[in-house]
Amino acid sequence: MTITSALFVLGERLGERPTTTPEIPHQQLDQIAPVELQEELWRRMSGLDHVRTGPSVVSLPETRALHMEPAYAYGPASAFVRDSTEFAHLHGVFDGSLHALLPEADAAEAVEKGWAELHPIVHEGRCPPTLVLLYGPRDEDELETVWELVRRSHAFASGQIL
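In this report, we go over the structure that sits alongside the text. (Residues numbered from 1 in each chain as written. Predicted model: local features only at pLDDT ≥ 70, side-chain atom pairs only at ≥ 80, totals over all residues. Heavy atoms only, no water.)

### Quick word on the sheet that holds strand β3 (residues 51-55)
Our working definition: Any two strands between which DSSP finds at least two bridges are classified as paired. Helix and strand assignments come from DSSP, with helices taken as H or I runs of at least 4 residues and strands as E runs of at least 2, each series counted from the N terminus. Axis lines are fitted to C-alpha atoms, over the contacting stretch for helices. Their N-to-C directions set the angle, which ranges from 0 to 180 degrees. Contacts between residues were defined by any pair of non-hydrogen atoms, one from each residue, lying within 4.5 Å.
Ordered by their spatial adjacency, six strands build an open sheet running β3-β4-β5-β6-β8-β7, and the pairing between neighbours is antiparallel. Single-partner strands in this sheet number two, and they are β3 and β7 (116-118). Averaged over neighbouring strand pairs, the angle between their axes works out to 30° when direction is ignored. Both strand β4 (residues 64-68) and strand β5 (residues 86-90) contribute to a ladder of four bridges, which runs antiparallel. Looking across to β5, one finds that Leu66 is bridged to Ala88. Across the sheet, helix α2 (residues 104-112) touches β7 and β8 (131-134), and the angle it forms with β7 is around 120°. The strands touched by helix α4 (residues 140-157) within the sheet are β3, β4, β5, β6 (98-101) and β8, with β6 carrying the most contacts at an inclination of about 40°.

Below, the structure written as structure tokens:
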């Protein structure tokens, strides 16, 4: 399955992948997204329908998370962190990356095309291959791509994509 909507096709991310930590906390170490792009991404994320913002149930204190309102959390268990309604979180400004849960085929495509990598706990078999680290956007074009991936995560959590 290709990540496609009426106006969006997932292309290849240009350049080398950023360096990340191989364990928890799973973070991006270089190619950090400019703070203004991080804030624009958060502004968009926090405005998604039927979402409340708050701390992450799994990440560092400076992490901002998206939680689907329970009445709209129709996605499968693999669309959420642990047994919560959290489906994505944006790391602090020192990092700029985010974790999100995507349908398995979308997650695989995002990894293949250089936009993401699987979380280390996926490799350990403790989580399905729906949990990815999305690299922080380096410019406006990348912001649009990362935003579309977050929208896919939101659709997965709300049961619109299974």
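Let us keep going from here.
### Section: the pairing of β6
Operational definition: Three exposure classes are used, based on accessible area relative to the maximum for each residue type with a 1.4 Å probe and protein chains only: buried under 20%, partly exposed in between, and exposed over 50%.
The two faces of β6 match: Leu98 and Ala100 on one face and His99 and Leu101 on the other face are all buried. In this sheet, β6 lies alongside β5 in antiparallel orientation, the contact comprising three bridges. Across the sheet, residue Ala88 finds its bridge partner in β6, namely Ala100. Of the pairings in the sheet, the one linking β6 to β8 comprises four bridges and is antiparallel in character. Within the sheet, the bridge partner assigned to His99 lies in β8 and is Leu133.

### Some details on the side chain of Ser158
Cut-off, in case you're wondering: What qualifies as a polar contact is a pair of N or O atoms within 3.5 Å, subject to a donor-acceptor requirement within protein and to the restriction that residues adjacent in sequence count only when both atoms come from side chains.
Structurally, Ser158 is set in the segment after α4. Polar side-chain contacts of Ser158 include one of 3.1 Å to the side chain of Gln160. Beyond its immediate chain neighbours, meaning those up to four positions away, Ser158 contacts Met68, Tyr72, Tyr74 and Gly75.

### Observations regarding a negative patch on the surface
Our working definition: The patches reported here contain residues having more than 30% relative accessible area and no salt bridge. Joining distances are 9 Å for like charges and 5 Å for nonpolar side chains (Val, Leu, Ile, Met, Phe, Trp, Tyr). Using the Shrake-Rupley algorithm and a 1.4 Å probe, accessible areas are obtained, with residue cover drawn only from the displayed protein chains. The term salt bridge refers to a side-chain nitrogen of Lys or Arg lying within 4 Å of a carboxyl oxygen of Asp or Glu. As used throughout, the charge tally considers Lys and Arg to be positive and Asp and Glu to be negative, leaving His and the chain termini uncounted. By convention, the charge on Lys lies at NZ, on Arg at CZ, on Asp at CG and on Glu at CD.
Together, Glu36, Asp139, Glu140 and Asp141 line one region of the surface with negative charge. Its location among the elements puts Asp139 in the loop between β8 and α4. Assessed through its relative accessible area of 36%, Asp139 is described here as partly exposed.

### With respect to the packing of helix α1 (residues 35-46) against α4
What counts, and what does not: Angle categories: roughly parallel below 35 degrees, roughly antiparallel above 145, roughly perpendicular from 65 to 115, and oblique for all the rest. Left-handed describes a crossing whose near helix is turned anticlockwise from the far helix through less than a right angle; right-handed describes the clockwise counterpart. Three classes are used: nonpolar for Ala, Val, Leu, Ile, Met, Phe, Trp, Tyr, Cys and Pro, charged for Asp, Glu, Lys and Arg, and polar for all others, with Gly counted as polar.
Two elements in contact, α1 and α4, have axes whose closest approach is 11 Å; the angle formed by their N-to-C orientations is 30°. In terms of their interaxial angle, α1 and α4 are classed as roughly parallel. Classified by chirality, the crossing of α4 by α1 is right-handed. Contact residues: Leu37, Glu40, Leu41, Arg44 and Met45 in α1; Glu140, Leu143, Glu144, Val146, Trp147 and Val150 in α4. In terms of residue class, the contact of α1 with α4 is made up of seven nonpolar, no polar and four charged.

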